[in-house]
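Single-letter residue listing:
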Amino acid sequence: MNPVFIKKIRFLGLCLGILSLLFGGFWTFTVFQAKKSIEQKVQSLKEQGHKIQYEALKIDQFFPTITLKVTNFVFDNILISNNEPFSLKIDTLLLSFSPFSPKKIKGQLPSLTGHLSKESQDIILGPSSFEINLSQDDFYAMGTSDFINIQTPKTSLAHLEDLYISITPHTLVVKNDEGSYETPGLNITCSLKKLSLNQPSQNEEPDVENMSFSSFLMEKVDFTDFPKESLKTLLTHWRDQGGALDIQQAKMSWGALTISFQGTLALDETLNPEGSFTSTVKGIPEFLKQLSQNQAYSKQDRLFLELSLGFLSGTSGEITLPLTLQNQTLRLGNFINLNLPSLPW
């Protein structure tokens, strides 16, 4: 074999070996630097007076992506309002990223429990995952959860299944008589398979199913000072600056009814959602048939609803009605009231 060729092979092998060592050193440094950065951030929050503890922060996967595993993570006394502390507990949290795109973070957790001590309410998330790109030029966030339960020690207040949410930045161009201007905000899309609410009345209300909506969040919520400032304070600033959620299109099923609507959602003085919408309701004949079989309504109520809805929908079985949310009550025309749990500020 040609000696010159052998020297070239040896030189190439030496270069590859050096590159492998350099790459391995870079990767190892990045892994332990990421672990150190998280530990320093947690220590900084502790020094600010926040009660944070965890059993271990370990390197769960080294290559080709870096995965850090946090076990028994507890964050106590997160301020939801000035007098309403919130505690957060995660049994296991996996955080994954690549050194080549360190601002793109993926997370997985089998469960999460949030507790409101004053209201004695628990918010429980089932198996969940999320992905966040913190880059200013390409920011986005998305998350999924198999289920969410909101409950007290004695009763379930709400149950959600198969939740998906996506958030991307967007600038909306608004035109009026004086010209046009840009409003910065976020595009938000969300869907869920089922929403069950525990109703105080004796009526057996059907679940809300197959709900989805696309919307634009006017004015970004500034989380720069969280958790130094309470979530209530941050949302109050956002509301006072004209923050609102413009729901461009939403759909849901409620029993035999299919309801689509659009409108604007905002926060009232108590920081509970309120809004006004225009809705289109389909499936009136099927709903009337179900209504006639529902013994929870009196004969007089059923007759009134059947005559009113039947008259309004005519032969098409479709009507347009106002949909309002105020004082934690969702009203569809004058026919349907759905009580929602108040947010515990």
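Residues numbered from 1 in each chain as written. Predicted model: local features only at pLDDT ≥ 70, side-chain atom pairs only at ≥ 80, totals over all residues. Heavy atoms only, no water.

**Notes on the overall build of the protein chain**
- Scanning the protein chain from N- to C-terminus turns up 4 helices and 18 strands.
- Counting over 345 residues, the protein chain shows a buried share of 36%.
- The contacts in the protein chain between residues at least 6 apart in sequence include a share of 50% that link residues at least 24 apart.
- With an accessible surface of roughly 20600 Å², the protein chain has 56% of that area assigned to carbon and sulfur atoms. (Helix = DSSP H or I, 4+ residues; strand = E, 2+ residues; numbered from the N terminus. Buried < 20%, exposed > 50% of the residue type's maximum accessible area, 1.4 Å probe, protein only. Contact = heavy atoms within 4.5 Å. Areas by Shrake-Rupley, 256 points an atom, 1.4 Å probe, with all protein chains shown as cover.)

**Focus: the pattern of salt bridges**
- The tally for this structure, following the rule as stated, stands at 4 salt bridges.
- Between Glu131 and Lys104 there is a salt bridge, and its shortest N-O distance comes to 3.8 Å. Placement of the pair is Glu131 in strand 8 (residues 128-133) and Lys104 in strand 5 (residues 101-109), with a sequence separation of 27 residues.
- A relative accessible area of 16% places Glu131 in the buried class.
- Residue classification places Lys104 among the partly exposed residues on the basis of a relative accessible area of 32%. (Salt bridge = Lys/Arg side-chain N within 4 Å of Asp/Glu carboxyl O.)

**Description of the packing of aromatic side chains**
- Taken as a whole and judged by the stated rule, the model has 4 aromatic pairs.
- A ring pair is formed by Trp27 and Phe100, whose centres lie 6.0 Å apart and whose planes are at 55°; its orientation type is tilted. Here Trp27 is found in helix 1 (residues 3-47), whereas its partner Phe100 is found in the loop between strand 4 (84-98) and strand 5, with 73 residues between them in sequence.
- Exposure remark for Phe100: the relative accessible area of 60% places this residue in the exposed category.
- Here the aromatic residues Phe26, Trp27, Phe63 and Phe100 are joined through ring pairs into a cluster of three or more. (Phe/Tyr/Trp six-rings, centres within 6.5 Å; stacked < 30°, edge-to-face > 60°.)

**Points about the pairing of strand 11 (residues 179-197)**
- Direction of pairing for strand 10 (residues 156-176) relative to strand 11: antiparallel, over a ladder of 17 bridges. In the strand pairing of strand 11, Ile165 is matched with Cys190.
- Hairpin remark: strand 10 followed by strand 11, antiparallel, with 2 residues in the connecting loop.
- As paired elements, strand 11 and strand 12 (residues 208-218) share 10 bridges and run antiparallel to each other. Within strand 12, the position partnered with Asn187 by the bridge is Phe216. (Pairing = 2+ DSSP bridges.)

**Re helix 2 (residues 231-240)**
- For helix 2, the complete set of buried residues consists of Leu234, Leu235, Thr236, Trp238 and Arg239.
- Buried-residue contacts for helix 2 involve strand 12, strand 13 (244-254) and strand 14 (257-267).
- Of the residues one or two after helix 2, Gly242 is the one with positive phi, at around 95°.

**Details of the pairing of strand 8**
- As paired strands, strand 5 and strand 8 are joined by 6 bridges and run antiparallel to one another. Of the residues in strand 8, the one forming a bridge with Gly107 is Phe130.
- Examined bridge by bridge, strand 8 and strand 9 (residues 140-151) share 6 bridges and lie antiparallel to one another. When the sheet's bridge partners are listed, Ser129 is paired in strand 9 with Thr144.
- Following strand 8, the chain reverses through 6 residues before pairing antiparallel with strand 9.

**Some thoughts on the side chain of Gln121**
- Within the fold, Gln121 resides in strand 7 (residues 121-125).
- Of the residues examined, Gln121 reaches a relative accessible area of 12% and is grouped as buried.
- Filtering out sequence-adjacent residues up to four positions away, Gln121 remains in contact with Gly114, His115, Leu116, Ile150, Gln151, Thr152, Leu157 and Pro344.

**Overview of the nonpolar core**
- Counting residues in hydrophobic clusters, the biggest one holds 62 residues, and the most contacted among them are Leu217, Trp254, Leu257, Ile259, Phe261, Val281 and Leu332.
- For this core, the element with the highest residue contribution is strand 3 (residues 66-81), accounting for 7 residues.
- With sequence-adjacent residues up to four places away left out, Ile259 is seen in contact with Ala250, Lys251, Met252, Trp254, Ser279, Thr280, Val281 and Leu332. (Core = buried A, V, L, I, M, F, W, Y, C linked by side-chain atoms within 4.5 Å.)

**A closer look at a nonpolar patch on the surface**
- A cluster of nonpolar side chains, namely Leu12, Leu14, Leu16, Ile18, Leu19 and Leu22, defines an oily patch on the protein surface of about 600 Å² accessible area.
- Residue Leu16 is classed as partly exposed on the basis of its relative accessible area of 48%. (Patch = residues over 30% accessible without salt bridge, like charges linked within 9 Å, V, L, I, M, F, W, Y side chains within 5 Å.)

**What about the confidence of the model for the protein chain?**
- Averaged over the protein chain, the pLDDT score is 83; the fraction of residues at 70 or greater is 86%.
- Taken element by element, the predicted model of the protein chain shows its lowest mean pLDDT in helix 4 (residues 299-313) (60) and its highest in strand 8 (96). (pLDDT = per-residue confidence, 0-100.)

**A look at the environment of Glu119**
- Mapped onto the elements of the fold, Glu119 is located in the loop between strand 6 (112-116) and strand 7.
- For the pair formed by Glu119 and Trp345, sequence separation is 226 residues and the distance between their alpha carbons is 9.3 Å.

**Some details on the environment of Asn337**
- Within the secondary structure, Asn337 is located in strand 18 (residues 336-339).
- Owing to a relative accessible area of 45%, Asn337 belongs among the partly exposed residues under this scheme.
- Sequence separation between Asn337 and Thr324 is 13 residues; the distance between their C-alpha atoms is 9.8 Å.
- If we skip the residues at most four places from it in the chain, Asn337 touches Thr329, Leu330 and Arg331.

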